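Read off the chains here:
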Amino acid sequence: VATEYCKSGSNPTPTVTGTTGGTFSSTTGLSINASTGEIDLTASTAGTYTVSYLTSSNTCAVTGTFDVTITDDEDGTFTYASAGYCVSGIDPTPNITGTTGGTFSSTTGLSINTSTGEIDLSASTAGTYTVSYLTSSNTCAVTGTFDVTITDDEDGTFTYAATEYCKSGSNPTPNVTGTTGGTFSSTTGLSINSSTGEIDLSASTAGTYTVSYVTSSNLCAVTGTFDV
């Protein structure tokens, strides 16, 4: 028979092996059904109580006792600053607002420090993971969870066929070998198509320019550059 119960547990009912039909009682803080002895755990205050069982109101009635402890559930609440990270980002550490001193874990692919919960992004495989936090090995320990997604960085690699062009030449278009679908730009003087990266040589002012290519507007977008 258990002597300790968690507030979130199933309400316990006693087994009477002696005289039946008696009355149960305890001190203030323990919510107990006087007839059945069932303890309402959620309605009880954490603490240790002596449950008394008076067999009857007869002359030869006796009182039996049993000690029970009601324990508050631990709190597994924790969060990371974000639900999404890039492989090249700064390794995140969780903020524990619940019970401290627990253990972190997740599935294969996420590199996580079991004590601190710090995620090693560069050592992790891209994907979505559920991080679990077990508060302790105590009876009323709980497990909190938080989902994080690790995303590979995009690739801003692109080149033009040459680094120098004449204003009368054929307009050059870049070869994007990284992530496609991005946006091209440069400083004033270079006439460039933002979608294709084609440079309008005759409309450009002579000079040296750095062409920038932003892969997307996503979290893990990068900017590649090329000088012409």
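Refer to the preceding data block for the structure.
Attention in this report is confined to the structure presented alongside it. Per-chain numbering applies: the sequence of each chain, read as written, is numbered from 1 onward. Predicted model: local features are reported for residues with pLDDT of at least 70 only, side-chain atom pairs are reported and counted for 80 or more only, and whole-chain, interface and lining totals are derived from all residues. Here the side-chain values reflect all heavy atoms present in the structure, with hydrogen atoms and water set aside.

1. Comments concerning the sheet that holds strand S6 (residues 84-86)
So, step 1. Reading across the sheet, the 4 strands line up as S6-S10-S9-S8 and stay open at both edges, with mixed pairing between neighbours. Single-partner strands in this sheet number two, and they are S6 and strand S8 (103-105). Going from strand to strand, the sheet's axes swing by 30° on average, the running direction of each strand aside.
So, step 2. In this structure, S8 lies alongside strand S9 (residues 127-134), joined through 3 bridges in antiparallel fashion. From the neighbouring strand, serine 105 faces S9, where its bridge partner is serine 132. For two strands to be treated as a pair, DSSP must find at least two bridges joining them. Secondary structure elements follow DSSP: runs of H or I of four or more residues count as helices, runs of E of two or more count as strands, with numbering from the N terminus. Note on definitions: angles span 0 to 180 degrees between N-to-C directions of axes, and those axes are lines fitted to C-alpha atoms, for helices only across the stretch in contact.

2. Remarks on the nonpolar core
So, step 1. Within this scheme, the nonpolar core is defined by two criteria: the residues are buried Ala, Val, Leu, Ile, Met, Phe, Trp, Tyr or Cys, and they are joined through side-chain atoms within 4.5 Å. When a residue's accessible area, from a 1.4 Å probe over protein chains only, is under 20% of the maximum for its type it is buried; when over 50% it is exposed; and in between it is partly exposed. Within the largest apolar cluster, 15 residues are counted, with the highest numbers of intra-cluster contacts made by Phe78, Tyr80, Leu110, Ile119, Val131, Val148 and Ile150.
So, step 2. Where this core is concerned, the elements lending two or more residues are S9 and strand S10 (143-151).
So, step 3. Contact definition: two residues touch when any of their heavy atoms are within 4.5 Å. Not counting residues within four places of it along the chain, the set of residues in contact with phenylalanine 78 comprises Pro94, Asn95, Ile96, Thr97, Phe104, Val131, Tyr133, Gly144, Thr145 and Phe146.
So, step 4. Counting 12 residues, the second-largest nonpolar core is a separate cluster that includes Phe158, Phe184, Leu190 and Tyr213.

3. What about the layout of surface pockets?
So, step 1. In the cavity and pocket records, a cavity denotes points on a 1 Å grid over the protein atoms alone where a 1.4 Å probe fits but cannot get out, a pocket denotes an open set with protein on both sides within 12 Å along at least 5 of 7 lines, and lining residues are residues with an atom within 4 Å of a point. Grid points are joined across faces, edges and corners, and a volume is the space filled by probe spheres set on the points. Here the largest pocket defines a volume of roughly 490 Å³.
So, step 2. Lining the largest pocket are 24 residues, with Pro14, Thr15, Val16, Phe24 and Phe66 sitting closest to its centre.
So, step 3. The biggest single contributor to the lining of the largest pocket is strand S4 (residues 63-71), with 5 residues.
So, step 4. Residues are sorted three ways: Asp, Glu, Lys and Arg are charged, Ala, Val, Leu, Ile, Met, Phe, Trp, Tyr, Cys and Pro are nonpolar, and all the rest, Gly among them, are polar. When grouped by side-chain class, the residues that make up the lining of the largest pocket number 13 nonpolar, 11 polar and no charged.
So, step 5. In this structure, the second largest pocket encloses a volume near 230 Å³.
So, step 6. Forming the boundary of the second largest pocket are 14 residues, of which Tyr165, Leu201, Ala206, Gly207 and Val228 lie nearest the centre.
So, step 7. Of the residues in the lining of the second largest pocket, the class split is 8 nonpolar, 4 polar and 2 charged.

4. Some points on the state of the cysteines
So, step 1. Here, the term disulfide refers to a pair of cysteine sulfur atoms separated by no more than 2.5 Å. Counted under the stated rule, the structure contains 2 disulfides.
So, step 2. Disulfide partner of cysteine 6: cysteine 140, at an S-S distance of 2.0 Å. Because the sign of the S-S torsion sets the handedness, a value of about -100° for the bond joining cysteine 6 and cysteine 140 places this disulfide among the left-handed ones. Here cysteine 140 lies in the loop between S9 and S10 and cysteine 6 lies in strand S1 (residues 4-6), a separation of 134 residues in the sequence. Residue cysteine 6 shares its accessibility class with cysteine 140, and that shared class is buried.

5. Remarks on the packing of aromatic side chains
So, step 1. Geometry of aromatic contacts follows a simple scheme: Phe, Tyr and Trp rings, the Trp one being its six-membered ring, pair when their centres are within 6.5 Å, and the pair is stacked under 30 degrees between planes, edge-to-face over 60, tilted otherwise. With the rule as written, the count across this model stands at 13 aromatic pairs.
So, step 2. Ring geometry for phenylalanine 158 against tyrosine 160: centres 6.1 Å apart, planes inclined by 80°, an arrangement best described as edge-to-face. There is no split in this pair, since phenylalanine 158 and tyrosine 160 are both buried.
So, step 3. Taking 5.7 Å as the distance between ring centres and 50° as the angle between the ring planes, the aromatic pair formed by tyrosine 160 and phenylalanine 226 counts as tilted. Separated by 66 residues along the polypeptide, tyrosine 160 in the loop between strand S11 (158-159) and strand S12 (175-176) and phenylalanine 226 in strand S15 (residues 223-227) bring together distant segments of the chain. Grouping residues by exposure puts tyrosine 160 and phenylalanine 226 together as buried.

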